[in-house]
Amino acid sequence: MHLLIRNADIVNADDRFLADILCKDGVIEKIGPDLEAPPGAEIIDASGKLVFPGFIDPHVHIYLPFMGTFSKDDWASGSKAALMGGTTTLIEMCCPGRGDDPIEAIHHWKSNAAGVSSCDYTFHMGVTRFDKGTPAALKQIVEDERITSFKVFLAYKGAFGIDDTELYQTLSLAAELGVTVTAHCENADLVAETQKKLVAAGNLGPEWHEPSRPVSVETEGCHHLATFAQMTGASIYVVHTSNQPSVEVLDDARRSGVKASIETVIPYLVLDRSAAEKADFEGAKYVMSPPIRAKEHQDFLWKALADGLIDTVATDHAPFDFQTQKHMGHPDPDKCVDASFQPTGKPGNFTLIPNGIPSVEERVKLLYTHGVVPGRIDLQTFVRCASARAAEIFGLYPKKGVIGEGSDADIVIWDPDWEGTISVKSHSMATDYSAFEGWQVTGRPETVTVRGKIMVRDGEWCGEAGWGEFLARKPGA
Ligand code: URP
Ligand code: ZN
Ligand code: ZN
């Protein structure tokens, strides 16, 4: 089966050129001028459009068990939403509970996606405990399950969080196995103590989430991780970096030889902390960890992205319904609900609001609208941070992350002139709200292919559930 894209203005992370693209059996077979159309080929004319490699979101949560509930999207809605937004590969966090068996957990996580996901996918393996059985289990997960990145949480004490001995052991093993460790960096004890103090003083609303986990708490987490990485020689990837001092600490570590990559996420680039101060508990829609910061950090993050200090822009897609799940932390006793959404009759507080913002569908459009259109980043940076770098860091390049001969035919034909409005009424995500309701966007993925199959055509869904494949990776790739 052939697909021929004519007159493509191809934008990769390091070049831009005009050519035709011929895809065969899911792979880009040839790129060049005036390619001959094989008999029966589907032909798309991309004149006037931009053509990008499929975008990669290296940090999403699908049906995550978290804070007494589950994040809202399953693989059917999550992968469809990703594709509608131009994202053709998802990397999800497999997050077992501390008591769970890691091998059973990865099998379970894989089985949730297999035959359901419309886009390609792989996982970071969450290490939420390290005991004597862990090294053998993790080796098996790397070698047989073909998962070559781990995830650790320095936050979420008593849930996913690990202690320093476990962190040291995880990083040492990762260095030995040649895998990268992704990490959520916030000092868990400082968060727990500050939360207690704020709640005891009667500070209950969502606007207190940010003060309970200030910049310094995240910066300490980054410094902490970088020190452990230096001691163990492990490669680290810091997820959802929200602020200037944290990026600077990691960049300094990099200069002194630590193998560190830095991720930020789209909410930090387009929202500031005033979102969590919205009246009528609307601020709960914007509660995520680390929290959304003051405007000055947003300006810094854009510059750091343009300067190449930040490697990737992900989402940390962790969607929870507003009317039910987010209300688990409502301070009004009449509006606060428990995990089965029954009224508690007691005041909730910000520590009980499930953390996360739905954004897998909007990441690329928001990055283009707020990054490329006003000139904060150029097109190459856009492709690099939303696709190519993630592929390189996580061993998917050049199969993914580039339009090149031999690469998977994951292609986004982008209409740079399209204008539209974001709304819960039209999104494909499962949540009952959009964090960006009513926002105007410029540019959209008009056509999206996964391994040569058209999943979105003229901005409309035409994909197939279950088309997505698990991406088996090799350590050290
Ligand atoms: O608020 C967030 N980030 N929720 C999802 C879990 C995590 O920390 O990544
Ligand atoms: Zn996190
Ligand atoms: Zn996350």
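Residues numbered from 1 in each chain as written. Chains lettered and ligands numbered in written order. Predicted model: local features only at pLDDT ≥ 70, side-chain atom pairs only at ≥ 80, totals over all residues. Heavy atoms only, no water.

Asker: Please clarify how the coordination of the zinc ion (ligand 2) should be interpreted in this entry.
Answerer: Geometrically, a metal with four donors at the corners of a regular tetrahedron has ideal angles of 109.5 degrees, and one with six donors at the corners of a regular octahedron has ideal angles of 90 or 180 degrees. Distances from the zinc ion (ligand 2) to its protein donors, namely His184 (ND1) and His240 (NE2), fall within the range 2.1 Å. Because the angles between the four donor atoms bound to the zinc ion (ligand 2) fall within 56 to 148 degrees, the donor set is best described as irregular. Separating the zinc ion (ligand 2) from the zinc ion (ligand 3) is a gap of 3.7 Å. Within this pair, whereas histidine 184 is found in strand S12 (residues 180-184), its partner histidine 240 is found in the loop between strand S13 (235-238) and helix H8 (244-255), the two being separated by 56 residues in sequence. (Donors = N, O, S within 2.8 Å, 3.2 Å for Na, K, Ca; no water. Tetrahedral: all angles 85-135°; square planar, octahedral: opposite > 155°, others 65-115°. Helix = DSSP H or I, 4+ residues; strand = E, 2+ residues; numbered from the N terminus.)

Asker: Please explain the sheet that holds S12 as it appears in this structure.
Answerer: Note on sheets: strands pair through backbone hydrogen bonds, and any given pair is parallel or antiparallel. Taken in spatial order, the eight strands make up an open sheet running S6-S9-S10-S11-S12-S13-S14-S15, and their pairing is parallel. A single partner strand is all that each edge strand has here, and the edge strands are strand S6 (55-60) and strand S15 (312-314). Averaged over all pairs of adjacent strands, the angle between strand axes in this sheet comes to 30 degrees, irrespective of strand direction. Taken together, the three bridges between strand S14 (residues 260-265) and S15 define a ladder with parallel strand orientation. Each bridged residue has a counterpart across the sheet, and for valine 265 the counterpart in S15 is alanine 314. Docked against the sheet, helix H4 (residues 164-177) engages strand S11 (149-153), S12 and S13, running at close to 170 degrees with respect to S11. Strand contacts of helix H7 (residues 215-232): S12 and S13, with the helix running at about 165 degrees to S13, the strand carrying the most contacts. (Pairing = 2+ DSSP bridges. Axes fitted to C-alpha atoms, helices over the stretch in contact; angles between N-to-C directions. Contact = heavy atoms within 4.5 Å.)

Asker: Could you clarify how one ought to interpret the coordination of the zinc ion (ligand 3) in this entry?
Answerer: Protein coordination of the zinc ion (ligand 3) is provided by His59 (NE2), His61 (NE2) and Asp316 (OD), with donor distances spanning 2.0 to 2.1 Å. Considering all four donor atoms around the zinc ion (ligand 3), angles at the metal cover 88 to 137 degrees and the coordination shape is irregular. Going along the chain, you hit the donors of the zinc ion (ligand 3) in the pattern H-x1-H-x254-D. By relative accessible area, which is 0% here, histidine 59 ends up buried. Residue class for aspartate 316 comes out buried when judged on its relative accessible area of 8%. (Buried < 20%, exposed > 50% of the residue type's maximum accessible area, 1.4 Å probe, protein only.)

Asker: I tried to follow the packing of helix H11 (residues 363-372) against helix H12 (residues 379-393) on my own but got confused; where do I start?
Answerer: Packed helices, taken two at a time, are described by the angle their axes make and the gap between the axes. In contact at an axis separation of 11 Å, H11 and H12 are set at 150 degrees when each is read in the N-to-C sense. Considering their axes alone, H11 and H12 lie roughly antiparallel with respect to each other. The hand of the H11/H12 crossing is right-handed. In this structure, H11 contributes Arg363, Val364, Leu367, Tyr368 and Val372 to the contact, and H12 contributes Leu379, Phe382, Cys385 and Ala386. Looking at the contact of H11 with H12 residue by residue, the classes come out as eight nonpolar, no polar and one charged. (Parallel < 35°, antiparallel > 145°, perpendicular 65-115°, else oblique. Left-handed = near helix turned anticlockwise from the far one by under 90°. Nonpolar A, V, L, I, M, F, W, Y, C, P; charged D, E, K, R; others polar.)

Asker: I keep staring at the environment of glutamate 277 and nothing clicks. Help me out?
Answerer: Inspection of the secondary structure assignment puts glutamate 277 in the loop between helix H9 (266-270) and helix H10 (295-306). Note: C-alpha distance between glutamate 277 and tryptophan 208 (69 residues apart in sequence) is 8.5 Å.

Asker: Help me understand the nonpolar core, please; the structure alone is not making it clear to me.
Answerer: A general trend in soluble globular proteins is that nonpolar side chains are found buried together. Core analysis: the largest hydrophobic core is formed by 127 residues, its most contacted members being Phe52, Phe150, Leu225, Leu269, Leu305, Leu367 and Phe382. Ranked by residue count, the leading element in this core is H12, at eight residues. Look past the residues within four positions of leucine 367 in its chain and what remains in contact with it is Ile266, Leu269, Trp302, Leu305, Val313, Val372, Ile377, Phe382, Cys385 and Ala386. If you look at the next biggest cluster of nonpolar residues, it comprises 17 residues, including Ile10, Ile44, Ala409 and Ile411. (Core = buried A, V, L, I, M, F, W, Y, C linked by side-chain atoms within 4.5 Å.)

Asker: Would you mind showing me how to read H4 here?
Answerer: Owing to its 3.6 residues per turn, the α-helix brings residues three or four apart onto one side. Taking 1.5 Å as the rise per residue, H4 with 14 residues should run 20 Å; its terminal C-alpha atoms sit 20 Å apart, in good agreement. Listed as buried for H4 are Glu166, Leu167, Thr170, Leu171, Leu173, Ala174 and Leu177. For H4, the angular spread of buried residues about the axis comes to 165 degrees, placing them on one side. In this structure, H4 carries Thr165 and Glu176 as exposed residues pointing more than 90 degrees from its buried face. In this structure, the buried residues of H4 make contact with helix H3 (134-143), S11, S12, H7 and S13. Positive phi appears at glycine 178, one or two residues downstream of H4, with a value of about 75 degrees. (Expected span 1.5 Å × (residues − 1). Arc of directions from axis to C-beta.)

Asker: Sorry, what's going on with the packing of aromatic side chains here?
Answerer: Tallied over the full model, the rule gives 22 aromatic pairs. Look at phenylalanine 66 and phenylalanine 320: their rings are 6.4 Å apart centre to centre, the planes differ by 35 degrees, and that puts the pair in the tilted class. Of this pair, phenylalanine 66 sits in strand S7 (residues 65-66) while phenylalanine 320 sits in the loop between S15 and H11, placing them 254 residues apart in sequence. Taken individually, phenylalanine 66 and phenylalanine 320 each receive the classification buried, so the pair is uniform in this respect. Among the aromatic residues, those joined into a cluster by ring pairs are Phe52, Phe55, Tyr368, Phe382 and Trp414. Stacked on the ring of phenylalanine 322, the Lys or Arg lysine 285 has its end atom at 4.8 Å from the ring centre. (Phe/Tyr/Trp six-rings, centres within 6.5 Å; stacked < 30°, edge-to-face > 60°. Lys NZ or Arg CZ within 6 Å of the ring centre and 35° of its normal.)

Asker: Got a minute to help me understand the confidence of the model for the protein chain in this structure?
Answerer: If pLDDT is low for a region, its predicted coordinates should not be looked at in detail. Averaged over the protein chain, the pLDDT score is 97; the fraction of residues at 70 or greater is 100%. At the level of individual helices and strands, the protein chain shows its lowest average pLDDT in S7, which scores 94, and its highest in strand S5 (residues 50-53), which scores 99. (pLDDT = per-residue confidence, 0-100.)

Asker: I'm lost on the pattern of salt bridges in this one. Help?
Answerer: One side chain can pair with another of opposite charge once the charged atoms of both are near each other. Counting across every chain of the model gives 32 salt bridges. The shortest N-O distance in the salt bridge between aspartate 20 and arginine 6 comes to 2.7 Å. Linking aspartate 20 in strand S2 (residues 16-24) with arginine 6 in strand S1 (residues 2-11), this pair joins segments that are 14 residues apart in sequence. According to the relative accessible area criterion, arginine 6 is partly exposed, its value standing at 23%. As a salt-bridge pair, arginine 457 and glutamate 42 come within 2.9 Å of each other at their nearest N and O atoms. Here glutamate 42 lies in strand S4 (residues 42-45) and arginine 457 lies in strand S18 (residues 453-457), a separation of 415 residues in the sequence. Glutamate 42 gets classed as partly exposed once you look at its relative accessible area, which sits at 25%. Bridged by salt links that share partners, the residues Asp120, Lys399, Lys400, Asp408, Asp410, Arg451 and Glu469 form one connected network. (Salt bridge = Lys/Arg side-chain N within 4 Å of Asp/Glu carboxyl O.)

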